[in-house]
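# Notes for the structure review
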Amino acid sequence: LNYLFILFFKIFMSFKINQPLNILLVSCESQELLKRDRFPTEKQLYEALLKSREDYFFNEIDAQSEKDIWLDQYDGIIIGGSSSSALKEEKRMWNLRLLIRQAIAGDKPLLWVCFWSQIIAQTLGAKVFSGSVWEVGIVNIKLTEKGETDDLFSSLSKTMKVISAHEDNILWDESIWTVLAKNSYSDCQSFWIWEWIRGVQFHPEYSLKTLNQLENIIGLELTSPQEYDGEKIIDNFLKHFVYRKKYS
């Protein structure tokens, strides 16, 4: 009887673990702007980034949506960037704050990207300001001592290349929260908040093609082909945060 129970349990767990993870993607960009510039949606960006894999399912919603969102069905959440400024209050910020409170209460793995990292940093007491220039292109960031041991950057070197595209910046007080990465442009390129939550100011979801498209839109010289580490960072979030939280 015990043998049959163990066998059934192993079969059940094998079936369960092989199910794709259900990830909620929250788009903070204006849908009108995306259509005008023919810019990829959040779902298109992540599906292109992980096109060789079938173990994740992405469901995208608009941050402007007023529909009720039931987080129980999702294994993890990624909140995307925006061309808007964190210094300008908008309705979607209130919608997202409610979503984030629900995610924290439900102990959901959560990754903030760019724009929303600045919003949450502002909420937590850090100062957000408009930089003198945009940080756009493939840039170097350096991990802090804490960042070197954080699972978000597992198997990555202490200094790495990422795609960046932002003007607002965070003036961070390290006595409040833990900084994981920084560079000459920003003292806070990535930060740690609670066990399952991370924020980055750069864009790990962007491809070089997407970056060049953005540079075209804002009239900058196109970045030439280079190696960068965005895909590995997203893979680490899904593997070490979403997957581990669901099956630990």
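Residues numbered from 1 in each chain as written. Predicted model: local features only at pLDDT ≥ 70, side-chain atom pairs only at ≥ 80, totals over all residues. Heavy atoms only, no water.

### Notes on helix 3 (residues 42-49)
Within helix 3, the full set of buried residues consists of Glu42, Leu45, Tyr46 and Leu49. Take helix 3 and look down its axis: the buried residues cluster within an arc of 90 degrees, on one side only. At its buried positions, helix 3 is contacted by strand 1 (21-27), strand 2 (56-62), strand 3 (76-79), strand 4 (110-113), helix 7 (208-218) and helix 8 (230-247). (Buried < 20%, exposed > 50% of the residue type's maximum accessible area, 1.4 Å probe, protein only. Helix = DSSP H or I, 4+ residues; strand = E, 2+ residues; numbered from the N terminus. Arc of directions from axis to C-beta. Contact = heavy atoms within 4.5 Å.)

### Quick word on a nonpolar patch on the surface
Together, Trp134, Ile217, Ile218 and Leu220 give the surface a local cluster of nonpolar side chains, amounting to about 340 Å² of exposed area. Here Leu220 shows up in the loop between helix 7 and helix 8. A relative accessible area of 39% means that Leu220 is categorised as partly exposed. (Patch = residues over 30% accessible without salt bridge, like charges linked within 9 Å, V, L, I, M, F, W, Y side chains within 5 Å. Areas by Shrake-Rupley, 256 points an atom, 1.4 Å probe, with all protein chains shown as cover. Salt bridge = Lys/Arg side-chain N within 4 Å of Asp/Glu carboxyl O.)

### Notes on the confidence of the model for the protein chain
Keep in mind that low pLDDT regions are not for reading the predicted coordinates in detail. Taken residue by residue, the protein chain gives an average pLDDT of 80. The fraction at 70 or more is 76%. Here helix 1 (residues 2-17) stands out as the element of the protein chain with the lowest mean pLDDT, 55, in contrast to helix 6 (residues 145-148), whose mean of 94 is the highest. (pLDDT = per-residue confidence, 0-100.)

### Comments concerning helix 8
In this model, helix 8 (18 residues) spans 25 Å end to end at C-alpha, consistent with the 26 Å of a helix rising 1.5 Å per residue. If you check which residues of helix 8 are buried, you get Gly230, Ile233, Ile234, Asp235, Asn236, Phe237, Leu238, His240, Phe241, Val242 and Tyr247. (Expected span 1.5 Å × (residues − 1).)

### Some details on the pairing of strand 8 (residues 190-193)
With three bridges joining them, strand 7 (residues 178-182) and strand 8 adopt antiparallel strand pairing. Note that in strand 8 the partner of Val179 across the bridge is Phe191. Between strand 8 and strand 9 (residues 197-200), which pair antiparallel and follow one another directly, the connecting turn spans three residues, one of which, Trp194, has a positive phi of 60 degrees. (Pairing = 2+ DSSP bridges.)

### Quick notes on the nonpolar core
Counting 32 residues, the largest nonpolar core has Phe153 and Leu238 as the members making the most contacts within it. If we ignore the near neighbours within four places in the chain, the residues touching Leu238 are Leu21, Ile23, Leu50, Tyr56, Phe58 and Tyr243. Residues Ile77, Leu96, Leu99 and Trp112 belong to the second largest nonpolar core, which totals 21 residues. (Core = buried A, V, L, I, M, F, W, Y, C linked by side-chain atoms within 4.5 Å.)

### Things to note about the side chain of Thr144
Tracing the backbone through its elements, the reader meets Thr144 in the loop between strand 5 (127-143) and helix 6. A polar contact of 2.7 Å, which involves the side chain of Thr144, links it to the backbone oxygen of Val179. In this structure Thr144 touches Val179, Leu180, Ala181 and Lys182, once residues within four positions along its chain are discounted. (Polar contact = N/O pair within 3.5 Å; in protein donor to acceptor, adjacent residues only side chain to side chain.)

### A word on the packing of aromatic side chains
Counted by the stated rule, this structure contains four aromatic pairs. Each ring, one from Phe39 and one from Tyr206, has its centre 6.0 Å from the other, and the planes form 70 degrees; the classification is edge-to-face. Residue Phe39 is located in the loop between helix 2 (31-37) and helix 3, and its partner Tyr206 is located in the loop between strand 9 and helix 7; the two are separated by 167 residues in the primary sequence. A single burial state applies to Phe39 and to Tyr206, both of which are buried. An angle of 25 degrees between the planes, with centres 5.7 Å apart, marks the rings of Phe237 and Phe241 as stacked. A residue pair is termed a helical-turn pair when its members lie 3 or 4 positions apart in one helix, as Phe237 and Phe241 do in helix 8 at four residues. Here the two residues Phe237 and Phe241 agree in accessibility, since each one is buried. (Phe/Tyr/Trp six-rings, centres within 6.5 Å; stacked < 30°, edge-to-face > 60°.)

### Considering the pattern of salt bridges
Oppositely charged side chains can pair when the atoms bearing their charge come close. Using the criterion set out here, one finds seven salt bridges in the structure. Between Asp75 and Lys246 there is a salt bridge, with the nearest N and O atoms lying 3.3 Å from each other. One end of the pair, Asp75, is in the loop between strand 2 and strand 3; the other, Lys246, is in helix 8, and 171 residues separate them in sequence. Taking relative accessible area as the criterion, Asp75 reaches 14% and is therefore assigned buried. Given the relative accessible area of 31%, Lys246 is considered partly exposed.

### Focus: the environment of Gln64
Checked against the element boundaries, Gln64 lands in the loop between strand 2 and strand 3. Gln64 sits in the partly exposed class, given a relative accessible area of 39%. On a C-alpha basis, the gap between Gln64 and Ser30 in space is 8.6 Å, while along the polypeptide they are 34 residues apart.

### Examining unusual backbone geometry
For Arg38, which is not a glycine, the phi torsion comes out positive at approximately 55 degrees. Relative to the helices and strands, Arg38 resides in the loop between helix 2 and helix 3. Classification of Arg38 by relative accessible area gives exposed; the value is 73%. The backbone of Ser155 sits at a positive phi, close to 70 degrees, despite the residue not being glycine. Secondary-structure assignment places Ser155 in the loop between helix 6 and strand 6 (159-171).

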